[in-house]
Amino acid sequence: MKRYLKLAAADLCIAASAVVLYSPGLVNLRLSDYSIFRAGMSIIAAVILITLFFVINIRLLKEPEQKPIMLEDVPDLERAKDILQDYCKGRYFGSLAKTASEQLDRILKCRQRLSVILEQKFTRGTMSWDKFNSTVSAAESSAIKNVVAMANRMCVFDEKEYARLQNYREDDIPDDIQEEQLRLYQKNLEAIRWTIALNEKILLKLDALAMEISSSASRNDTDWNHELVSEIERLIEETRYYD
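Quantities reported herein were computed from a predicted structural model and do not represent experimental measurements.

Visitor: Tell me about the overall build of the protein, and name the residues and values.
Guide: For the protein, the count of helices and strands is eight helices and zero strands. Along the chain direction, N to C, the helices and strands of the protein fall in the order α-α-α-α-α-α-α-α. Looking at the protein residue by residue over its 243 residues, the buried ones come to 35%. Considering only contacts within the protein whose residues lie at least 6 apart along the sequence, 67% involve residues at least 24 apart. Carbon and sulfur atoms provide 58% of the accessible area of the protein, an area that totals close to 15200 Å².

Visitor: Run through the confidence of the model for the protein, naming residues and quoting values.
Guide: When the pLDDT values of the protein are averaged, the result is 79; 87% of them are 70 or greater. By mean pLDDT, helix 8 (residues 223-242) is the weakest element of the protein at 68, and helix 4 (residues 94-121) is the strongest at 87.

Visitor: Summarise the packing of helix 3 (residues 77-85) against helix 5 (residues 127-155); cite the residues concerned and give the values.
Guide: For the pair helix 3 and helix 5, the least separation of the axes is 10 Å and the interaxial angle reads 20°. With respect to helix 5, the axis of helix 3 lies roughly parallel. Two packed elements cross with a definite hand, and for helix 3 against helix 5 that hand is left-handed. Along its contact with helix 3, which presents L77, A80, I83 and L84, the element helix 5 presents E140, I144, V147, M150 and A151.

Visitor: Explain a negative patch on the surface to me, using residue names and the numbers behind them.
Guide: The grouping of D76, E78, D82 and D86 at the surface amounts to a negative patch. Inspection of the secondary structure assignment puts D76 in the loop between helix 2 (36-61) and helix 3. Judged by relative accessible area, D76 falls into the partly exposed class, the value being 34%.

Visitor: Describe in detail the packing of helix 4 against helix 7 (residues 175-215), supporting the description with residues and values.
Guide: At a minimum axis distance of 9 Å, the contact between helix 4 and helix 7 shows a crossing angle of 20°. The angle between helix 4 and helix 7 places the two elements in the roughly parallel class. The chirality of how helix 4 crosses helix 7 is left-handed. Considering only residue class, the contact of helix 4 with helix 7 consists of 15 nonpolar, four polar and six charged.

How each quantity is defined
- Residues numbered from 1 in each chain as written.
- Predicted model: local features only at pLDDT ≥ 70, side-chain atom pairs only at ≥ 80, totals over all residues.
- Heavy atoms only, no water.
- Helix = DSSP H or I, 4+ residues; strand = E, 2+ residues; numbered from the N terminus.
- Buried < 20%, exposed > 50% of the residue type's maximum accessible area, 1.4 Å probe, protein only.
- Contact = heavy atoms within 4.5 Å.
- Areas by Shrake-Rupley, 256 points an atom, 1.4 Å probe, with all protein chains shown as cover.
- pLDDT = per-residue confidence, 0-100.
- Axes fitted to C-alpha atoms, helices over the stretch in contact; angles between N-to-C directions.
- Parallel < 35°, antiparallel > 145°, perpendicular 65-115°, else oblique.
- Left-handed = near helix turned anticlockwise from the far one by under 90°.
- Patch = residues over 30% accessible without salt bridge, like charges linked within 9 Å, V, L, I, M, F, W, Y side chains within 5 Å.
- Salt bridge = Lys/Arg side-chain N within 4 Å of Asp/Glu carboxyl O.
- Lys, Arg positive; Asp, Glu negative; His and termini not counted.
- Charge placed at Lys NZ, Arg CZ, Asp CG, Glu CD.
- Nonpolar A, V, L, I, M, F, W, Y, C, P; charged D, E, K, R; others polar.

The following block contains the structure:
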């Protein structure tokens, strides 16, 4: 979407420049001008504007080179969301990318809510505060890591090839080869769905943790909360094992 907005803005600027340069009452460049310099400038300006139009349009409309995303290049949830926006219009995983993006919004809100609750319930720097806060931070990092893995799977997913394979029996390529290719694509899609499900489980446990800590009668009433922490840590560990 951003690419098309940039394209529209660039084309409008070029059109506005042309109007200014060639309109009577403004610069009023024209080939028939009695001044050789101005007549020449009318040609040069036209060449420059036409060149800019084609160069800008070709560059912006050209499909961006897909490169693997490195985890260190995604420092927070907002950057993770930006990555997913590039895939939201995909035919086969656009809805999955949108769902994952919405999950990140919810995780961010839950993270902020938990931070407030922890400050109210525990003294910063105490063992309980450190335990809960580090677990919540790890859950957030795990969600980011899952998004990076998901985006890299989407990056190598050739939608045109996958669409072609839907009718693989109608061409001359051996069916067994194409069936194997199709299984690879479907395995990739299932892995993306698994990642979304894992993020949802983590989000569910974070919400439960926020509710339990908030409703604890005292600062020492943390047995159930620690059980939830253990469950969240187990889910985070699942992400590590799946890499």
